[in-house]
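# Survey of secondary and tertiary structure
Single-letter residue listing:
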Amino acid sequence: MGEMVFRQVDLSTEEVDALEARYVPLTEAVRELVAATILSNADDDVVAEALAAVREVTAKLSASVETDHSGVNYNGAGRSWNWGNAGSGERNAIAPPIDLKTNPDGSTYADLVLGAAYEGPPGHVHGGVSALLLDHLMGVTASQMSRPTFTGTLTLRYRNPLPLGPIRVEGRVAREEGRKVFVEASITGSDGIALEADGVFITPTWSPSLEATQN
Ligand SMILES: CCCCCCCCCCCC(=O)SCCNC(=O)CCNC(=O)[C@H](O)C(C)(C)COP(=O)(O)OP(=O)(O)OC[C@H]1O[C@@H](n2cnc3c(N)ncnc32)[C@H](O)[C@@H]1OP(=O)(O)O
């Protein structure tokens, strides 16, 4: 198996929150840039100007890049952050803008709006994006944020097309058997229920390796 390291980083929760606050507005602006890139009808000169400006700002940001992935990090207070996560990374403009909430009974939900960057069928959400959202929300639901759970099997039923726009994703643990956690979930859009899913999430026998770093 490839190396899988959860990294303990020597940053206070306040420092982590401050870093997040610094980059989240940038992430949101990049999401708007992605949508504008898809939808723009600008002239050649405007597009050329945008290309030069984006390249310039990317070079400035890249000057301080030290690794090729952000990883899963945590601090001594148990605050964890996974800024590059493809399903939810706070600093990942490609990730859907999901803000997952947990109910007192452990069930979860997220309300979000999917725009032009998530299109598959005309005006509707790409099936792989729905699968990404469900995999992520169901994985977090299984883990209860207290144990690692990996997707073993994910079964999706695409019952109706899901229009772009506001959607709700919901999940709950149906039952557990040993290391297996069975999760059920759904996605509802403006036309009603679009997807139903069930999945088996498994706590591995090995513990993720925890690595302490100076930072
Ligand atoms: C801390 C903060 C956290 C924070 C956590 C945040 C969570 C975010 C989650 C994101 C979700 C992801 O994308 S995770 C990434 C995508 N998934 C992966 O990469 C997983 C790759 N697969 C694996 O690593 C492995 O196959 C595992 C861990 C899934 C299973 O391996 P294993 O543990 O060796 O399994 P094994 O002993 O053979 O079987 C144990 C039991 O599970 C069953 N089983 C085994 N594999 C499967 C399977 N694929 N689907 C169904 N059932 C299975 C067996 O029949 C058996 O049942 P019985 O005989 O006992 O009845």
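Every value quoted in this text rests on a predicted model; they were computed, and no experiment measured them.

### Remarks on the overall build of the chain
A count of helices and strands for the chain gives 3 helices and 10 strands. Mapped in sequence order, the helices and strands of the chain form the string β-α-α-β-β-β-β-α-β-β-β-β-β. Considering only C-alpha atoms, the chain reaches an extent of 60 × 50 × 35 Å along its principal axes. Out of the 215 residues belonging to the chain, those deemed buried represent 30%. Intrachain contacts of the chain at a sequence separation of at least 6 include 64% that bridge at least 24 residues. Positive and negative side-chain charges in the chain, numbering 16 and 29 respectively, have mean positions lying 7 Å apart.

### With respect to the side chain of threonine 203
Position of threonine 203 among the secondary structure elements: in the loop between β9 (192-202) and β10 (209-213). Filtering out sequence-adjacent residues up to four positions away, threonine 203 remains in contact with Arg147, Pro148, Thr149 and Arg179.

### Considerations on the pattern of salt bridges
Counted under the stated rule, the structure contains 13 salt bridges. Residues glutamate 20 and arginine 79 are paired through a salt bridge, measuring 3.2 Å at the closest nitrogen-oxygen approach. Separated by 59 residues along the polypeptide, glutamate 20 in helix α1 (residues 13-39) and arginine 79 in the loop between β2 (72-74) and β3 (80-81) bring together distant segments of the chain. Note that glutamate 177 and lysine 180 form a salt bridge whose closest N and O atoms lie 3.7 Å from each other. Residue class for lysine 180 comes out partly exposed when judged on its relative accessible area of 33%. One network of salt bridges, in which partners are shared, links Arg157, Arg159, Glu196 and Asp198.

### Considering the UniProt feature "domain: Thioesterase" (unreviewed entry) in the chain
UniProt's entry tags residues 123-191 with the feature "domain: Thioesterase" (unreviewed entry), counted in the numbering of this structure. Structurally, residues 123-191 comprises 25% helix and 46% strand, and the distance from its first C-alpha atom to its last is 13 Å.

### Quick notes on the site of the ligand
Close to the ligand lie 13 residues, the nearest being Asp135, Gly152, Thr153, Arg179 and Lys180. Protein chains shield 50% of the accessible area of the ligand, which is 1300 Å² for the free molecule. Breaking the shell around the ligand down by element, the ones donating at least two residues are α3 (127-143), β6 (150-158) and β9. The element best represented in the shell around the ligand is β6, accounting for 4 residues. A per-class count over the shell around the ligand returns 3 nonpolar, 6 polar and 4 charged.

### So, the domain arrangement of the chain
Segmentation of the chain into domains returns domain 1 (1-95) and domain 2 (97-214). Its C-alpha centre places domain 1 at a distance of 22 Å from the equivalent point of domain 2. Taken together, the contact between domain 1 and domain 2 spans 21 residues of the former and 16 residues of the latter. Both faces considered, domain 1 and domain 2 share a buried interface measuring about 1500 Å² in area, 63% of it formed by carbon and sulfur atoms. It is Met4, Phe6 and Gly87 that lose the most area in domain 1 upon contact with domain 2, and together they represent 28% of the buried surface on that side. Linking domain 1 with domain 2 are 0 salt bridges. Our count for the contact surface shared by domain 1 and domain 2 stands at 3 residue pairs in polar contact (both at pLDDT 80 or more). Breaking the side of domain 1 that touches domain 2 down by element, the ones donating at least two residues are β1 (5-9) and α1.

### Quick word on the packing of aromatic side chains
Enumeration over the complete set of coordinates arrives at 2 aromatic pairs. Judged by centre distance (6.0 Å) and plane angle (40°), the ring pair of tryptophan 81 and tryptophan 83 falls under tilted. Residue classification places tryptophan 81 among the buried positions, given a relative accessible area of 4%. According to the relative accessible area criterion, tryptophan 83 is buried, its value standing at 10%. Ring geometry for phenylalanine 150 against tryptophan 206: centres 5.7 Å apart, planes inclined by 50°, an arrangement best described as tilted. Of this pair, phenylalanine 150 sits in strand β6 while tryptophan 206 sits in the loop between β9 and β10, and the two are 56 residues apart along the sequence. When the ring centre of tyrosine 23 is taken as reference, the NZ or CZ atom of arginine 91 above it lies at 3.4 Å. Geometry around phenylalanine 182 places arginine 175 over its ring, the cationic atom sitting 3.9 Å from the centre.

Conventions we followed
- Residues numbered from 1 in each chain as written.
- Predicted model: local features only at pLDDT ≥ 70, side-chain atom pairs only at ≥ 80, totals over all residues.
- Heavy atoms only, no water.
- Helix = DSSP H or I, 4+ residues; strand = E, 2+ residues; numbered from the N terminus.
- Buried < 20%, exposed > 50% of the residue type's maximum accessible area, 1.4 Å probe, protein only.
- Contact = heavy atoms within 4.5 Å.
- Lys, Arg positive; Asp, Glu negative; His and termini not counted.
- Charge placed at Lys NZ, Arg CZ, Asp CG, Glu CD.
- Salt bridge = Lys/Arg side-chain N within 4 Å of Asp/Glu carboxyl O.
- UniProt positions renumbered as here; feature names shortened; annotations may be inferred.
- Near = heavy atom within 4 Å.
- Areas by Shrake-Rupley, 256 points an atom, 1.4 Å probe, with all protein chains shown as cover.
- Nonpolar A, V, L, I, M, F, W, Y, C, P; charged D, E, K, R; others polar.
- Domains from an automatic or database assignment.
- Buried area = accessible area lost by both parts, 1.4 Å probe.
- Polar contact = N/O pair within 3.5 Å; in protein donor to acceptor, adjacent residues only side chain to side chain.
- Phe/Tyr/Trp six-rings, centres within 6.5 Å; stacked < 30°, edge-to-face > 60°.
- Lys NZ or Arg CZ within 6 Å of the ring centre and 35° of its normal.

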